Amino acid sequence: MTQLIPYIVLAPLAAFAINTFFGSRMKGQLAGWIATFAVFISFIITAGLFIQMMGRAPEERAIHYTMLDWIHVGRVQVNIAYLIDQLSIVFMLVITGVGTLIHLYSIAYMKGDRGFWRFFVYLNLFIVMMLQLVMADNYLWTFLGWEGVGLCSYLLIGFWYDENKNNDAAKKAFVVNRIGDFGFLVAMGAMLYQFGSLNYLDILGSGGNMVDGVRHAGMAMGLAAGAPILTIITLMLFLGCTGKSAQIPLYVWLPDAMAGPTPVSALIHAATMVTSGIFLVARSNILFALSPTTLGVVAAVGAVTAIFAASIGIFQNDIKKVLAYSTVSQLGYMFLALGVGAFTAGVFHVVTHAFFKACLFLGSGAVIHAMHHEQDMQKMGGLKKYLPITFWTFFFATLAIAGIPPFAGFFSKDEILWQAFSRGSVLLWLIGAIAALMTAFYMFRAVFLTFYGKPRFDEHHHTPHEVDWKMWLPLVVLAALSIVGGFLGMPSVFGAGNAIESWLEPIVGQGEHISLAMGTGAENTGLEWAMMAVSVAIALAGILIAVRIYERKRTLAADEAKLGGIYQLVHNKYYVDEIYNAGIVQPIYNISESFLWKIVDVRIIDGIINGFAHIAEIGSGSIRRIQTGIAQNYAVLIVVGLAIVVGWLVMF
Amino acid sequence: MAPLSHYLAVSAILFVIGTVGVLFRRNAIIIFMCVELMLNAVNLTLIAFAQFLGDQTGQILVFFVMTVAAAEAAVGLAIIIALFRNKQTVDVTKMNILKW
């Protein structure tokens, strides 16, 4: 199985190449099938690897596969190599598994689009890059994947490039992500300075001994836990994560990224790419655990993002915008878990979130498809009878995200809330709980507005049809996973073992212990049942409120608007875009125009260049008069020169 | 027999006259004649040295110079005629378009 590892990457890469060169000449949906099949091959190999890994002892599961020497400068050696361990295989399974389903879905969704083959080219490239990100054995190669998925995200958000607003959204995503990438680069520089290496195994130690690696490196260089250099490294890494994983203050690109086709939103902007920040923190868990300051920042940012984005989701009318803010909010949960040192809980939520959020996005895509590209929920309603499969899958996924047992979201979200309470503080728990209430509320608002009530579109004009099998099959599979996925991480109080926790233990276990030992909170287990009951009650309360307002009373946007100022504030997303625009974008634009362009560029840079040209022009204008064109003058000069040389030789 | 220095002095005077003529006269034919003068000044030097050093190599070299000078005279006169046909003059200061 090990020798098949390169093919996990090469299969989608080959499909990418085939579709790039021949895609435009392919008939029908061939390009889509090639792309889907390639990702499916990756999934099969990954699954095989996973099964093989399960058969081994926990310490022997990690596979280190070196492909090529890449950079070898002084002491620093960076290889093109893959580190496949318990953490990366989880992400690889999600990427290739959910990726295959979304590719299949896209064949039907993108049918007839004139960029059909181009779409699959980008999608395959994305899969390749995302796999690099999680499989790499060093920060630099991860960074390459990091940039690659950013590029694919840009290309796919602006996929329908003939509309200017899509291009603007794509550029926004790219520029905002650059700010985060800057942090990643600084962190890598600091790591090179401190550890003299970028390899995970050097910095974090190997396998079960990861913590010893940092201790060795740290002690050799006189580093204590909480050393400033560790705080700088981790804070800068986290800045990168806030960009890629859409956290405050860099979350603003994700809602706009919904301009891309819906499968893109499901794959890139919900299930995989936006979770790479969580991957990075979980991968570097020991570094983070050794810097409590950073962990505090991570937890705070995560919690605030969770509640902030959830509240924006309440009054959005675009079905994809609701899901986008929901994604931002759920990512906030994951960072909250990481921030309190519960790395397993964060990764667990990545997995369950990938299932139910991909299902929700694909469901919304089916709705949008059936409604002929209408995304406004105020113009939907009553779709339940037209789209039964879509409705039921969407409904189950909604139950999962709302946190109703035994759906997947319940286990992961409850785990996060419990960890926030027991390892963090009551305040963090409270913020998370309120955000959970809002989540249940806005998701059911979306369900009721979309599927219940009287149709608010012209029913006789066009009748929405249920989508074909290529679209509903992924929906059904993902809905099924949303139902059962949670059993991977059953809380230990249930008696059964927590599968994902014991699986990830060799990677994140020691990080969790360190952060527990250094944090203020203590693991207390007495209240777990009670807390679980509370979080279920919270979810039910959110749902009941939504039922009362949107199911019984059939409230619409016009009624919501009666709330006045608060509605305006939330509906307009707290004017964050406007504040950024006025506070950052406009000043930069003004400085660029009035100072950088008109003074630095035109006067100084152009001035220097033009000045040199001017000097040369004036100088040569006078010197050129030597060239008279009369051969005798030249001869005189030759003779004079000869006389001087001969005179010189004779004299000395 | 006059000493070597006399021959060399005459040769040097002829060479300088020739050089100044080449550099400062305007008529192409006169310039051409001055070139011949310079060649003959050099010939005189060669002959003088050959005689005083008892080595005949210098005399042989003079034959070569004369041969080349004859060929050069033929080509040079042809060029001057061609120039005159184009510009109706042999004033070299008028032939100054090869510049800037």
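Criteria and thresholds
Residues numbered from 1 in each chain as written. Chains lettered and ligands numbered in written order. Predicted model: local features only at pLDDT ≥ 70, side-chain atom pairs only at ≥ 80, totals over all residues. Helix = DSSP H or I, 4+ residues; strand = E, 2+ residues; numbered from the N terminus. Rg over C-alpha atoms; globule rule 2.2 N^0.38 Å. Buried ≥ 20, exposed ≤ 12 C-beta atoms within 10 Å, placed from the backbone. Contact = placed C-beta atoms within 7 Å. Expected span 1.5 Å × (residues − 1). Bend = angle between axes of the 7 residues up to and from the residue. pLDDT = per-residue confidence, 0-100. Axes fitted to C-alpha atoms, helices over the stretch in contact; angles between N-to-C directions. Parallel < 35°, antiparallel > 145°, perpendicular 65-115°, else oblique. Left-handed = near helix turned anticlockwise from the far one by under 90°. Nonpolar A, V, L, I, M, F, W, Y, C, P; charged D, E, K, R; others polar. Pairing = 2+ DSSP bridges.

Chemist: How do you make sense of the overall build of chain B when you look at a structure like this?
Modeler: Regarding its fold elements, chain B presents three helices and zero strands. For a compact globule of 100 residues, the expected C-alpha radius of gyration is about 13 Å, and chain B comes in at 17 Å, more than 25% above that figure. Considering only C-alpha atoms, chain B reaches an extent of 50 × 25 × 25 Å along its principal axes. Out of the 100 residues belonging to chain B, those deemed buried represent 7%. In chain B, the proportion of contacts linking residues at least 24 apart, taken out of those at least 6 apart, comes to 46%.

Chemist: For this particular structure, what's the right way to read helix 6 (residues 164-195) of chain A?
Modeler: Along an α-helix, residues three or four positions apart point the same way, because every turn accommodates 3.6 residues. Residues and elements named next belong to chain A. End to end, helix 6 covers 46 Å across 32 residues, agreeing with the expected 46 Å (1.5 Å per residue, within 8%). Remark: the principal bend of helix 6, roughly 25°, maps to isoleucine 179. Buried within helix 6 are the following residues: Ala169, Ala170, Lys172, Ala173, Val176, Asn177, Gly180, Phe184, Ala187, Met188, Met191 and Phe195. Looking one or two residues past helix 6, glycine 196 carries a phi angle of roughly 70°, positive in sign.

Chemist: Quick question: what am I supposed to make of the confidence of the model for chain B here?
Modeler: Do not read the fine detail of predicted coordinates wherever pLDDT is low. The predicted model of chain B averages 92 in pLDDT, with 99% of residues at 70 or higher. Here the complex is predicted with pTM 0.81, and the ipTM for its interfaces comes to 0.85.

Chemist: So what exactly am I meant to see when it comes to helix 25 (residues 576-623) of chain A here?
Modeler: Remark: the principal bend of helix 25 of chain A, roughly 45°, maps to Gly607(A). Burial runs low along helix 25 of chain A: only zero of the 48 residues are buried.

Chemist: Even after reading the chapter, I still don't get the environment of Ala74(B), so can you show me in this structure?
Modeler: All names here are of chain B. Tracing the backbone shows alanine 74 in helix 3 (residues 57-87). Looking at alanine 74, the number of C-beta atoms within 10 Å reads 10, which means it is exposed. Sequence separation of alanine 74 and phenylalanine 84 is ten residues, and the distance between their C-alpha atoms is 16 Å.

Chemist: Is there a simple way to think about the environment of Val186(A) in this case?
Modeler: Residues and elements named next belong to chain A. Turning to its location among the elements, valine 186 is positioned in helix 6. The exposure class of valine 186 is partly exposed, given the 17 C-beta atoms found within 10 Å. Measuring from C-alpha to C-alpha, the distance between valine 186 and glutamate 578 comes to 29 Å, with 392 residues separating the pair along the chain.

Chemist: Honestly, the packing of helix 2 (residues 30-54) of chain A against helix 4 (residues 116-135) of chain A in this entry has me stumped. Any pointers?
Modeler: Two numbers describe a pair of packed helices, the interaxial angle and the distance between the axes. Residue and element names in this part refer to chain A. Between helix 2 and helix 4, the shortest axis-to-axis distance is 9 Å and the interhelical angle comes to 15°. The angle between the axes of helix 2 and helix 4 places the two elements in the roughly parallel class. For the pair helix 2 and helix 4, the crossing hand works out as left-handed. Residues Ala31, Gly32, Ala35, Ala38 and Val39 of helix 2 touch helix 4, and the partners they reach there are Phe116, Trp117, Phe120, Leu123, Asn124 and Ile127. When its residues are assigned to classes, the contact of helix 2 with helix 4 shows nine nonpolar, two polar and no charged.

Chemist: Where do I start with the pairing of strand 1 (residues 63-73) of chain A in this structure?
Modeler: Within a regular strand, the side chains alternate between the two sheet faces. All names here are of chain A. The sheet contact formed by strand 1 and strand 2 (residues 76-84) spans nine bridges and is antiparallel. Its bridge partner lying in strand 2, isoleucine 71 is registered against valine 78. What sits between strand 1 and strand 2 in their antiparallel hairpin is a turn of two residues, with glycine 74 showing a positive phi close to 60°.

Chemist: Can you help me understand unusual backbone geometry in this one?
Modeler: Outside of glycine, negative phi angles account for most residues, and trans bonds account for most peptide bonds. All names here are of chain A. A cis geometry characterises the amide bond from isoleucine 248 onward to proline 249, with omega recorded as 5°. Inspection of the secondary structure puts proline 249 in the loop between helix 9 (228-244) and helix 10 (253-256). In the segment running from proline 405 into proline 406, the intervening peptide bond is cis, with an omega of 0°. Mapping proline 406 onto the fold places it in the loop between helix 17 (388-402) and helix 18 (408-424). Phi is positive for tyrosine 574, close to 55°, though the residue is something other than glycine. A count of 13 C-beta atoms within 10 Å places tyrosine 574 in the partly exposed class. Positive phi, normally seen in glycine, also occurs at tyrosine 575, with a value near 55°. Among the structural elements, tyrosine 575 can be located in the loop between helix 24 (565-571) and helix 25.

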